[in-house]
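# Examining the three-dimensional arrangement
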Amino acid sequence: MLTAFAQAFRTPDLRKKLLFTLMIMAVFRFGSFVPAPGVDYANVQQCVAGAESGFLGLVNLFSGGGLLQLSVFALGIMPYITASIIVQLMRVVIPRFEELHKEGQTGQAKLTQYTRYLTIFLGVLQSTVMVTSAARGALFPQCAVSPLPNSTPLSLLLAIITMTAGTGLIMWLGELITEKGIGNGMSLLIFTSIAASFPTGLIAVLGLESGIAKFALIVAIILVITLAVVFVEQCQRRIPVQYAKRMVGRRLYGGSSTYIPLKINLAGVIPVIFASSIMQLPALAASFNQQAGWAIWMNHYFAAGHPLRIAIYTVLTIFFAFFYTAITFNPEDTADNMKRYGGFIPSIRAGKPTADYLNYVMTRITAPGALYLAVVALIPEIIFAIMHLQGAMPWGGTSIMILVGVALQTVKDIDSQLQQRHYEGFLS
């Protein structure tokens, strides 16, 4: 693998792509530390201590720590992720979106444009809420100083515009990586955000009582989850497909056999992100009135490691796994395409029987995939709760799955680039 990595840097055009990707990732990290206009950096540092928990901690993780720093890139990649998910969900609700999806490159370009507009709109909305909350003291309720000491309407407006512009810039940086770099740009920016929090969390564990033992246990958990993610992400059910011979002009086509690769976890980490976001909403609502009876009940029963929270989290993860898989994989379209080009599954009739069979197989393999997501996401959370590390650990199973999944896909992209140049790849 090291030889192949060195070979990748010896290839001029591939080296340029790798260096370009690293440069964009460095720019993204730099923007996470540049404070927005009107923000007092010293006051923010006083207020951040103890605030990296709950819903804000989750969003802060995906922004690379820039959210609680009130930086130019405070919103991070979350507005784009939310916009992308909404546009995909709209395909089920709005027929026009499904038609655009089927139009090929032209329709995809239109959907991408809608995603950009929605990202900017969400950026304006979220930055407005964030800046006004910080100015009123709701963002850091336990802090004695204000992160925005001179909160005039003009300064607040300037901060909102800056954070929204930062969201647009992040979106552009991600598209630049996808176009001119290596791998998926948005995924790599998420990878950068989460990876940046790992050293801080591990160092914080070493400073605790029995820190070395806890550190070793956390490293072991990360390694086990990494192995599980790599194994499951590589697993797939291959549906054999046979293509009948057909005459096109004077040429004979077809007669070949191939397969449809159905991944066990087709939805990726989207179900876990959805479930995590929903599970943080009760804590977010309770934070506005800590003394109310319902807030005390929520803080108790929705605390990390509580059986009720674990049960609801598992149900939500399984539900979103099936829901998102149903959106991304359409058995009827697959069956129609196979029938159009003369393909069929052995012993299965073409048309509706093929669609029913694909739906049956997809349901069967999605069930263990959904359970895998729930287990991998919950085991670190439960262990961290037992070890009383919730405050020290800004990440969990979801973050590790994202890191490993993105790294695995990026390695595959580099490997394919090397294979095109007849070099031995990473995965050889």
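Residues numbered from 1 in each chain as written. Predicted model: local features only at pLDDT ≥ 70, side-chain atom pairs only at ≥ 80, totals over all residues. Heavy atoms only, no water.

### Some details on the overall build of the protein chain
Summing up its helical and strand segments, the protein chain has 17 helices and 5 strands in all. Residues counted as buried form 44% of the 428 residues belonging to the protein chain. Surface summary for the protein chain: the accessible area is close to 21,900 Å², and the carbon and sulfur share equals 65%. (Helix = DSSP H or I, 4+ residues; strand = E, 2+ residues; numbered from the N terminus. Buried < 20%, exposed > 50% of the residue type's maximum accessible area, 1.4 Å probe, protein only. Areas by Shrake-Rupley, 256 points an atom, 1.4 Å probe, with all protein chains shown as cover.)

### Some points on the environment of alanine 26
Position of alanine 26 relative to the elements: it lies in helix H2 (residues 12-31). What makes alanine 26 partly exposed here is its relative accessible area of 46%. Through-space distance from the C-alpha of alanine 26 to that of leucine 189 is 9.9 Å; in sequence the pair is 163 residues apart.

### As for the layout of surface pockets
Taken as a whole, the second largest pocket spans an internal volume of roughly 1,500 Å³. Where the lining of the second largest pocket is concerned, the elements lending two or more residues are helix H6 (78-93), helix H8 (105-136), helix H9 (153-180), helix H10 (185-206), helix H11 (211-234), helix H12 (270-286) and helix H17 (397-420). The greatest single-element share of the lining of the second largest pocket, amounting to 8 residues, is contributed by H17. Residues of the lining of the second largest pocket, tallied by class, amount to 20 nonpolar, 17 polar and 7 charged. (1 Å grid on protein atoms, 1.4 Å probe; cavity = no way out; pocket = protein on both sides within 12 Å on 5 of 7 lines; lining within 4 Å. Points joined across faces, edges and corners; volume = space filled by probe spheres on them. Nonpolar A, V, L, I, M, F, W, Y, C, P; charged D, E, K, R; others polar.)

### Observations regarding helix H7 (residues 95-102)
Every buried residue of H7 is listed here: Phe97, Glu98 and Leu100. Down the axis, H7 shows its buried residues gathered within 160 degrees of arc, on one side only. Projecting away from the buried face of H7 at angles above 90 degrees are the exposed residues Pro95 and Lys102. Of the residues flanking the end of H7, it is glycine 104, one or two places downstream, whose phi is positive at about 90 degrees. (Arc of directions from axis to C-beta.)

### Some words on the side chain of glutamate 98
Along the chain, glutamate 98 falls in helix H7. Residue contacts for glutamate 98: discarding those within four places in its chain leaves Arg91 and Asp333. (Contact = heavy atoms within 4.5 Å.)

### With respect to the nonpolar core
With 53 residues, the main nonpolar core has Ile77, Val229, Tyr313, Tyr372 and Met401 as its most contacted residues. Per-element accounting of this core gives the leading share, 8 residues, to H10. Not counting the four nearest positions on each side in its chain, tyrosine 313 is found in contact with Val272, Ala275, Ser276, Met279, Ala377, Leu378 and Thr398. Residues Ala36, Met130, Val131 and Leu156 belong to the second largest nonpolar core, which totals 13 residues. (Core = buried A, V, L, I, M, F, W, Y, C linked by side-chain atoms within 4.5 Å.)

### Side note on the packing of aromatic side chains
Counted according to the given criterion, the structure contains 4 aromatic pairs. Ring centres 5.3 Å apart and planes at 65 degrees place the aromatic pair phenylalanine 319 and phenylalanine 320 in the edge-to-face group. Under the relative-accessibility criterion, phenylalanine 320 is labelled buried at 12%. When the centroid spacing of 5.9 Å and the interplanar angle of 15 degrees are considered together, the rings of phenylalanine 319 and phenylalanine 323 count as stacked. With a gap of 4 residues between them, phenylalanine 319 and phenylalanine 323 both fall in helix H14 (residues 307-328), about one helical turn apart. A connected cluster of aromatic rings, assembled from ring pairs, spans Phe319, Phe320 and Phe323. (Phe/Tyr/Trp six-rings, centres within 6.5 Å; stacked < 30°, edge-to-face > 60°.)

### What to know about the packing of H6 against H8
At a minimum axis distance of 8 Å, the contact between H6 and H8 shows a crossing angle of 130 degrees. The orientation of H6 with respect to H8, classified from their angle, is oblique. The two elements H6 and H8 meet at a crossing, and its hand is right-handed. Contact with H6, carried on its side by Pro79, Tyr80, Thr82, Ala83, Ser84, Ile86 and Val87, involves Leu111, Thr115, Leu118, Thr119, Leu122, Gly123 and Gln126 of H8 and no other residues of that element. Looking at side-chain class alone, the contact of H6 with H8 contains 8 nonpolar, 6 polar and no charged residues. (Axes fitted to C-alpha atoms, helices over the stretch in contact; angles between N-to-C directions. Parallel < 35°, antiparallel > 145°, perpendicular 65-115°, else oblique. Left-handed = near helix turned anticlockwise from the far one by under 90°.)

### Digging into the sheet that holds strand S1 (residues 236-243)
Two modes of strand pairing occur in sheets, parallel and antiparallel, and in both the strands are linked by backbone hydrogen bonds. Reading across from one edge, S4-S1-S5 is the order of the 3 strands in this open sheet, with antiparallel pairing throughout. Strands at the two margins of the open sheet, each flanked by one partner only, are strand S4 (257-263) and strand S5 (343-344). Relative to S4, S1 is paired through 7 bridges, and the arrangement is antiparallel. Bridging from a neighbouring strand, proline 240 pairs with tyrosine 259 of S4. (Pairing = 2+ DSSP bridges.)

### Points about H10
Taking 1.5 Å per residue as the helical rise, H10 with its 22 residues ought to reach 32 Å, and the 33 Å between its terminal C-alpha atoms agrees with that figure. At the N-terminal boundary of H10, the capping side chain belongs to asparagine 184, with an oxygen 3.2 Å from the backbone nitrogen of methionine 186. (Expected span 1.5 Å × (residues − 1). Polar contact = N/O pair within 3.5 Å; in protein donor to acceptor, adjacent residues only side chain to side chain.)

### Observations concerning the pattern of salt bridges
Summed over the entire model, instances satisfying the criterion amount to 5 salt bridges. The salt bridge involving glutamate 98 is made with arginine 91; its shortest N-O contact spans 3.3 Å. The residues glutamate 98 and arginine 91 share a single accessibility class, namely buried. The shortest N-O distance in the salt bridge between glutamate 175 and arginine 116 comes to 3.0 Å. Here arginine 116 lies in helix H8 and glutamate 175 lies in helix H9, a separation of 59 residues in the sequence. (Salt bridge = Lys/Arg side-chain N within 4 Å of Asp/Glu carboxyl O.)

### Some words on a nonpolar patch on the surface
There is a patch of nonpolar side chains on the surface, built from Val92, Val93 and Ile94 and spanning about 260 Å² of accessible area. Among the secondary structure elements, isoleucine 94 is positioned in the loop between H6 and H7. (Patch = residues over 30% accessible without salt bridge, like charges linked within 9 Å, V, L, I, M, F, W, Y side chains within 5 Å.)

### With respect to the pairing of S1
Judged from the 2 bridges that link them, S1 and S5 form a sheet pairing that is antiparallel. Along S5, the bridge assignment pairs tyrosine 243 with glycine 343.

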